[in-house]
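Below are the chains, spelled out letter by letter.
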Amino acid sequence: MDIDDEEPPMLVDVGENKVEIPSEEPKPIKVPITIVTGYLGAGKTTLMNYILNEQHGKKIAVILNEFGDSIDIEKSLTVNKGGEKVEEWLEVGNGCICCSVKDSGVNAIESLMEKKGAFDYILLETTGLADPGNIAPLFWVDEGLGSTIYLDGIVTLIDAKNILKSLDEPVKETIQHEEHDGHHGPALTTAHLQISHADVIVINKSDLVGEEELNAVKERVQAINGLATLHVTSQGQVPRLEGFLLDLHAYDDVGALDVADKGHSHLDPTIATITISVPVLEAQQLPRLDEWLRSILWDSMLPSPGTGDEVFEIHRLKARLPLLNGDVKIVQGVRDVFEIVDAPSVSELTSETASTKQGKVVLIGRHLVDLPFRASLIKIIGSI
């Protein structure tokens with residue numbers, strides 16, 4: 001064996017200012033996923049066709065449920081007849097990709113990432129009768145996807161011409177469930193659920209209604225969901241993707257929680273948005289807050305002074321809670337899934353300013369109006 005092979009390599013002087021740093025393994029890029037929902041006829045197909053055909057310079061994966069209503073797109077796909085959960089892919093010319101899946105959950109996204117590589121964005125279009133409250137938690141809390149995918153938000157498209165009728169005169173297929181325990185009330189429709197869970201609501205086909213009817217639609221939608229960002233479009237034309245479908249960051253923060261109190265909660269007797277003011281908390285009160293959240297979200301029970309006979313359900317919850325030590329906590333909840341985390345940025349909030357700024361909890365759900373939520377919360381967090 002040649003002795004030279006055993007000698008260490010010669011050191012090369014690269015200068016005083018150049019320091020060789022071991023290369024670190026790059027962090028995985030997180031891809032945002034947006035859930036797009038809406039009734040048949042709301043304009044989802046037009047929107048998806050725009051994304052798949054326009055030269056917008058973004059690499060977007062559009063996932064369609066196999067039993068969805070986007071016929072114009074799905075007719076070009078070959079659907080597997082073998083009964084297995086097999087994805088069929090359609091390459092389109094602008095760098096995007098479209099697939100039809102029978103399983104619209106975690107497995108479909110994992111398969112997408114493994115087979116086709118990284119995308120800038122993923123859009124999951126649900127069927128017209130899908131309840132987004134059942135889908136969103138899959139992508140929000142699934143640890144297996146946490147390193148590569150995050151839930152960017154829920155977008156609901158509604159038809160300005162027909163949405164009020166869908167809410168007031170629902171057909172049998174859209175009624176979600178019968179009332180229980182002898183408690184009867186207005187029908188809960190798929191339209192209610194799609195609006196109540198949304199982070200962004202696009203009122204489409206505004207060109208088919210007059211100004212008065214459009215204002216009535218806006219007021220009704222805001223009565224159901226006072227937190228969602230509202231956009232009005234006509235003829236299925238979306239001026240831009242950012243803020244409508246992409247880069248929503250709905251779960252990064254809760255925002256200012258400015259719910260306009262316009263006195264419209266009576267407009268929809270089924271679902272409403274309510275706001276609870278909360279005093280600045282001590283850090284040791286957080287476990288009691290967690291206890292209260294578990295009671296109302298997991299058990300649909302209102303702790304004292306509730307009677308135990310209340311019948312309600314919460315679809316969406318957001319909260320911003322300043323603490324006396326200067327920290328700020330935010331709470332996000334979808335149905336029975338919730339998390340309490342530090343606010344993204346509290347550098348400008350000192351302990352002194354925190355002590356003068358109240359917290360706020362916003363609830364969106366069914367049969368919430370006139371129940372003593374605030375009194376219940378104050379009693380629980382006050383009993384340390």
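Quick summary incoming for the structure in this document. Fair warning: this is a prediction, and the values are worked out from it, not measured in the lab. (Residues numbered from 1 in each chain as written. Predicted model: local features only at pLDDT ≥ 70, side-chain atom pairs only at ≥ 80, totals over all residues. Heavy atoms only, no water.)

1. Quick look at the overall build of the protein chain
Formally: The way it works is that DSSP assigns letters per residue, a run of H or I at least four long becomes a helix, a run of E at least two long becomes a strand, and they are numbered from the N terminus. For every residue, the accessible area obtained with a 1.4 Å probe (protein chains only) is divided by the maximum for its type, and the residue is called buried under 20%, exposed over 50%, and partly exposed between those limits. Calculation of accessible area relied on Shrake-Rupley with a 1.4 Å probe; when residues are assessed, cover is drawn exclusively from the protein chains displayed.
Assigned secondary structure in the protein chain consists of ten helices and 13 strands. Looking at the protein chain as a whole, 48% of its 384 residues are labelled buried. Just so you have it, the protein chain exposes about 19400 Å², and 50% of that area is on carbon and sulfur atoms.

2. A closer look at the environment of Asp-131
The test is simple: By definition, residues are in contact when any of their heavy atoms lie within 4.5 Å. Pairs of N or O atoms are called polar contacts if they sit within 3.5 Å, as long as, within protein, a hydrogen donor faces a hydrogen acceptor (for residues adjacent in sequence, only side-chain-to-side-chain pairs).
On the secondary structure map, Asp-131 appears in the loop between strand S5 (121–125) and helix H4 (132–141). Residue classification places Asp-131 among the buried residues on the basis of a relative accessible area of 10%. In the structure, Asp-131 is positioned 60 residues away from Ala-191 in sequence and 8.9 Å away in space, judged by C-alpha atoms. Those residues within four positions of Asp-131 in sequence are excluded, and the remaining contacts are Leu-193, His-197 and Arg-335. A distance of 2.9 Å separates a polar side-chain atom of Asp-131 from the backbone nitrogen of Gly-133. There is a polar contact of 2.5 Å between the side chain of Asp-131 and the side chain of Arg-335.

3. Thoughts on the pairing of strand S13 (residues 359–366)
Under the convention used in this document: Strands are labelled as partners when DSSP assigns at least two bridges between them.
Burial of S13 is extensive: seven of the eight residues sit out of reach of the surface. As paired elements, strand S9 (residues 271–278) and S13 share eight bridges and run antiparallel to each other. Directly across from Ile-276, in S13, lies its bridge partner Val-361. As paired elements, strand S10 (residues 313–322) and S13 share seven bridges and run antiparallel to each other. By the bridge assignment for S13, Ala-319 is matched with Val-361.

4. What to know about the environment of Gln-332
Note that Gln-332 resides in strand S11 (residues 328–334). Measuring from C-alpha to C-alpha, the distance between Gln-332 and Ala-250 comes to 9.6 Å, with 82 residues separating the pair along the chain. For Gln-332, the residues in contact, after removing those within four places along its chain, are Trp-140, Ala-250, Tyr-251, Asp-253, Val-254, Arg-316, Leu-317, Lys-318, Val-337, Phe-338 and Glu-339. Separated by 3.2 Å, the side chains of Gln-332 and Arg-316 make a polar contact.

5. Looking at the pattern of salt bridges
Using the following cut-off: Salt bridge, as used here, is a side-chain nitrogen of Lys or Arg placed within 4 Å of a carboxyl oxygen of Asp or Glu.
Going through the model one piece at a time under the given rule, you end up with seven salt bridges. One salt bridge in this structure joins Arg-335 and Asp-131, with 2.5 Å as the shortest N-O distance. Of this pair, Arg-335 sits in the loop between S11 and strand S12 (337–342) while Asp-131 sits in the loop between S5 and H4, and the two are 204 residues apart along the sequence. One continuous salt-bridge network, built from bridges that share partners, spans Asp-199, Arg-316 and Lys-318.

6. Remarks on the packing of aromatic side chains
Heads up, the rule is: Only centres within 6.5 Å qualify two rings of Phe, Tyr or Trp (six-membered ring in Trp) as a pair; their planes then separate them into stacked at under 30 degrees, edge-to-face at over 60, and tilted for everything else.
A full pass over the atoms with the stated rule returns two aromatic pairs. Ring centres 5.3 Å apart and planes at 80° place the aromatic pair Phe-312 and Phe-373 in the edge-to-face group. Separated by 61 residues along the polypeptide, Phe-312 in the loop between helix H8 (286–298) and S10 and Phe-373 in helix H10 (residues 373–382) bring together distant segments of the chain. You'll find Phe-312 and Phe-373 in the same group, each marked buried.

7. Details of helix H7 (residues 211–224)
This is how the line gets drawn: In this analysis, the expected span of each helix is defined as 1.5 Å times one less than the number of residues it contains.
With 14 residues, H7 should cover 20 Å at 1.5 Å per step; its first-to-last C-alpha distance of 20 Å lies within 8% of that length. Looking at H7, one finds that the buried residues are Leu-214, Val-217, Arg-220, Val-221, Ala-223 and Ile-224.

8. A short note on the side chain of Arg-316
Along the polypeptide, Arg-316 turns up in strand S10. Overall, Arg-316 belongs to the buried group, its relative accessible area being 3%. One polar contact links Arg-316 to Tyr-251, side chain to side chain, over a distance of 3.4 Å. Only 3.2 Å separates the side chain of Arg-316 from the backbone oxygen of Gly-333, close enough to count as a polar contact. If we ignore the near neighbours within four places in the chain, the residues touching Arg-316 are Ser-196, His-197, Asp-199, Tyr-251, Gln-332, Gly-333, Val-334, Val-362, Leu-363 and Ile-364.

9. Here's the deal with the nonpolar core
Heads up, the rule is: Residues enter a nonpolar core if they are buried and are Ala, Val, Leu, Ile, Met, Phe, Trp, Tyr or Cys, with the set joined through side-chain atoms within 4.5 Å.
The biggest cluster of nonpolar side chains holds 26 residues, and the ones touching the most others in it are Trp-292, Ile-296, Ile-314, Leu-317, Val-361, Leu-363 and Phe-373. Looking at this core, the elements that each hand over two or more residues are S9, H8, S10, S13 and H10. The element contributing the most residues to this core is H8, with six residues. Each residue touching Leu-363, except ones within four places of it in the same chain, is listed here: Ala-272, Thr-273, Ile-274, Ile-276, Ile-296, Ile-314, Arg-316, Leu-317, Leu-368 and Phe-373. Val-62, Leu-64, Val-202 and Leu-245 belong to the second-largest nonpolar core, a separate cluster that totals 21 residues.

10. Quick word on the pairing of strand S7 (residues 200–204)
For a regular strand, the rule is simple: side chains alternate between the two faces of the sheet. Note the threshold: Orient the strands so they point away from the viewer; a crossover is then right-handed if the path from the first strand over the helix to the second runs clockwise.
When you tally the buried positions in S7, you get five out of five residues, the bulk of the element. Covered by surrounding structure in S7 are Val-200, Val-202 and Asn-204 together with Ile-201 and Ile-203, the residues of both alternating faces. Bridging between strand S6 (residues 149–159) and S7 involves five bridges; their strand directions are parallel. In the sheet register, Leu-157 faces S7, and the bridge partner there is Val-202. Handedness of the crossover joining S7 and strand S8 (residues 229–232) through H7: right-handed.

11. A few points about helix H1 (residues 44–53)
To be explicit about the condition: When we speak of the arc, we mean the arc of directions from the helix axis to the C-beta atoms.
Looking only at H1, the buried set comprises Lys-44, Thr-45, Leu-47, Met-48, Ile-51 and Leu-52. Summarising the axial view, the buried residues of H1 lie within an arc of 160°, below the 170-degree limit, and thus occupy one face.

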